[in-house]
Amino acid sequence: MSNVPQTMYFESVVRNEQRGMTLVDELSVRFTYHSKEEWRSKIDQGLVTLNGVVATPEMTVMPKDKVVYRVDHYTEPDVPTDFETLYEDDSFLIVSKPAGIPVHHTGHIFYNTFTGVIRRAFKNEELSPMHRLDRDTGGIMIFAEDKDTAKRFEKSLDFILLRKVYLAVVRGEFPEGEVVCEQPLREDPDHFIRIKMFPFADGKPCKTLFKRIAVFHEKIGNIEPPFSLVEAELFTGRKHQIRAHLSFLGYPVVGDKLYSFDGEYYKKMVSGKGPLTDEDFEKLGARSQMLFAYRALIQIPGKNPHWFVSHKFTSELESVIQRLPQPLPDAEALDSEASR
């Protein structure tokens, strides 16, 4: 865990569409986590500056004006901030993200995003993620070392990140052999969970390859067996693709708050009914979903393709993997196999 500053400064730049608005209107329109009256009170307390000057609510704003909002006694939820460094050169950094930390800021986390953690650890404010993982998913990520590199490769990442393979622990006995799921996915605007992906014929094309590694017959949390450990390889990169495909196939990821138990625990989290309890996590089977981007075939420009592998699993996922009759392959073994 990382300490969060007690005082935080949030900067924004006025957009063209807010031209000529009063400051209090501009803030209340753009940042709806405070009401107009709450913003007026913040400004009156001297917590907001406009172009470096302590502001008043009725000041007029123009495009490109700089607004800074000071928050005293700032707090954020605790998140894991440890990570594993797998590779670094002048252009790219490859790290393994822990489960439970968002890559970018959310409504409650601005300081301890994974991007912020990485930038502070390497003392480089230009480090930029080339792709993302869900907050509750851990695993391998590529960062560009500077803005120029990020811009140069952002549309050609497929030539660098050649393959992505995840491990997932799922409920049920997954079929033997390889299973290819090509069910199209999209959001359902009529569903109360707007971020959830659903199987629709007119959804976005998707393809995931699954391969069963092992089956387990011991309880996880309060969930009865069997469980399966599966590899999942992405051929497309849709939102929540692996989780949604596994749920569609009838094998939801253990610990998945959104795609298991009909989203009951996700609904509880976002409904304001309080944080999930130890009892809730026992019913889910894990505090973080058991999904981890554990290996990736990456071709750094000018170098040969190389398998990068991370075994920095959550303790819950590690307890399952330790039951395997043989260890998971390491990078050298994968490279050797690929070269045959």
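Refer to the structure presented above.
Residues numbered from 1 in each chain as written. Predicted model: local features only at pLDDT ≥ 70, side-chain atom pairs only at ≥ 80, totals over all residues. Heavy atoms only, no water.

Participant: Could you clarify how one ought to interpret the environment of Leu93 in this entry?
Facilitator: Turning to its location among the elements, Leu93 is positioned in strand E6 (residues 92-97). On the basis of relative accessible area, Leu93 is assigned to the buried category, the value being 0%. Considering only alpha carbons, one finds Leu93 and Ala293, 200 residues apart in sequence, at a separation of 16 Å. (Helix = DSSP H or I, 4+ residues; strand = E, 2+ residues; numbered from the N terminus. Buried < 20%, exposed > 50% of the residue type's maximum accessible area, 1.4 Å probe, protein only.)

Participant: Teacher, can you tell me more about the packing of helix H1 (residues 23-30) against helix H2 (residues 36-44) here?
Facilitator: How two helices sit against one another is set out by the angle between their axes and by the gap between those axes. As a packed pair, H1 and H2 sit with axes 9 Å apart at the nearest point and diverge in direction by 130 degrees. With respect to H2, the axis of H1 lies oblique. In the crossing of H1 with H2, the sense of the turn from one axis to the other is right-handed. Between H1, through Leu23, Val24, Asp25, Leu27 and Ser28, and H2, the contact on the second element is made entirely by Lys36, Trp39, Arg40 and Ile43. Here the residues of the contact of H1 with H2 are counted per class, giving five nonpolar, one polar and three charged. (Axes fitted to C-alpha atoms, helices over the stretch in contact; angles between N-to-C directions. Parallel < 35°, antiparallel > 145°, perpendicular 65-115°, else oblique. Left-handed = near helix turned anticlockwise from the far one by under 90°. Contact = heavy atoms within 4.5 Å. Nonpolar A, V, L, I, M, F, W, Y, C, P; charged D, E, K, R; others polar.)

Participant: Please clarify how the nonpolar core should be interpreted in this entry.
Facilitator: Nonpolar side chains in soluble globular proteins tend to end up buried together. With 54 residues, the main nonpolar core has Val169 and Met290 as its most contacted residues. Of the residues forming this core, the biggest block, six residues, is contributed by strand E9 (residues 161-171). Residues in contact with Met290, not counting those within four places in the same chain, are Leu167, Ala168, Val169, Ile220, Val253, Val254, Gly285, Glu316, Leu317 and Val320. With 19 residues, the next largest nonpolar core counts Leu23, Phe31, Val61 and Tyr74 among its residues. (Core = buried A, V, L, I, M, F, W, Y, C linked by side-chain atoms within 4.5 Å.)

Participant: Looking at this model, I keep getting lost on the pairing of strand E15 (residues 291-298). Mind explaining?
Facilitator: Here E15 lies mainly inside the structure; eight of its eight residues are buried. Direction of pairing for strand E8 (residues 138-144) relative to E15: parallel, over a ladder of two bridges. Looking at the pairing, Gly139 lines up with Ala293 of E15. Where E15 and strand E16 (residues 306-309) come together, four bridges link them in antiparallel fashion. The partner of Leu297 across the bridge, within E16, is Trp307. (Pairing = 2+ DSSP bridges.)

Participant: Would you mind going over the state of the cysteines with me for this structure?
Facilitator: Two cysteines form a disulfide when their sulfur atoms are joined by a covalent bond. A full pass over the atoms with the stated rule returns zero disulfides. Free cysteine: Cys181, not disulfide-bonded; nearest cysteine sulfur from Cys206 at 8.1 Å. (Disulfide = S-S within 2.5 Å.)

Participant: Looking at this structure, I do not really get the environment of Tyr74. What am I missing?
Facilitator: Structurally, the position occupied by Tyr74 is in the loop between strand E4 (66-71) and strand E5 (84-88). The exposure class assigned to Tyr74 is buried, which follows from its relative accessible area of 11%. Apart from the residues lying within four places of it in its own chain, the contact partners of Tyr74 are Val4, Pro5, Gln6, Met8, Phe10, His108, Phe110 and Tyr111.

Participant: Could you clarify how one ought to interpret the packing of aromatic side chains in this entry?
Facilitator: The description of an aromatic ring pair uses the distance of the two centres, along with the angle that the planes make with each other. One pass over the full model with this rule turns up 17 aromatic pairs. Summarising the aromatic geometry, the rings of Phe31 and Tyr33 are spaced 6.2 Å apart at their centres and angled 50 degrees between planes, so their arrangement reads as tilted. Directly above the ring of Phe261 sits Arg171, whose terminal nitrogen or CZ lies 4.5 Å from the centroid. We note Arg323 situated over the ring of Phe216; from NZ or CZ to the ring centre the distance is 5.6 Å. (Phe/Tyr/Trp six-rings, centres within 6.5 Å; stacked < 30°, edge-to-face > 60°. Lys NZ or Arg CZ within 6 Å of the ring centre and 35° of its normal.)

Participant: Before we go on, may I ask you to explain helix H3 (residues 114-121) in this structure?
Facilitator: Because an α-helix packs 3.6 residues into every turn, residues spaced three or four apart end up facing the same way. Within the sequence span of H3, burial applies to Phe114, Thr115, Gly116, Val117 and Ile118. Tucked inside the fold, the buried residues of H3 contact E6, strand E7 (128-129) and E8. Looking one or two places after H3, you find Lys123, whose phi comes out positive at around 50 degrees.

Participant: What's the story with the sheet that holds strand E3 (residues 53-54) in this structure? I'm lost.
Facilitator: Within a sheet, adjacent strands bond to each other through the backbone by hydrogen bonds, running parallel or antiparallel. Read across the sheet, four strands follow the order E1-E4-E2-E3 without closing on themselves; strand pairing throughout is antiparallel. Two strands bound the open sheet, and with one partner strand each, they are strand E1 (8-13) and E3. Bridge analysis of strand E2 (residues 48-50) against E4 gives three bridges, and the strand direction is antiparallel. Within E4, the residue paired with Val48 across the bridge is Tyr69. Where H1 meets the sheet, it contacts E1, E2 and E4, and its direction lies at approximately 70 degrees from that of E4.

Structural measurements only, silent on function.
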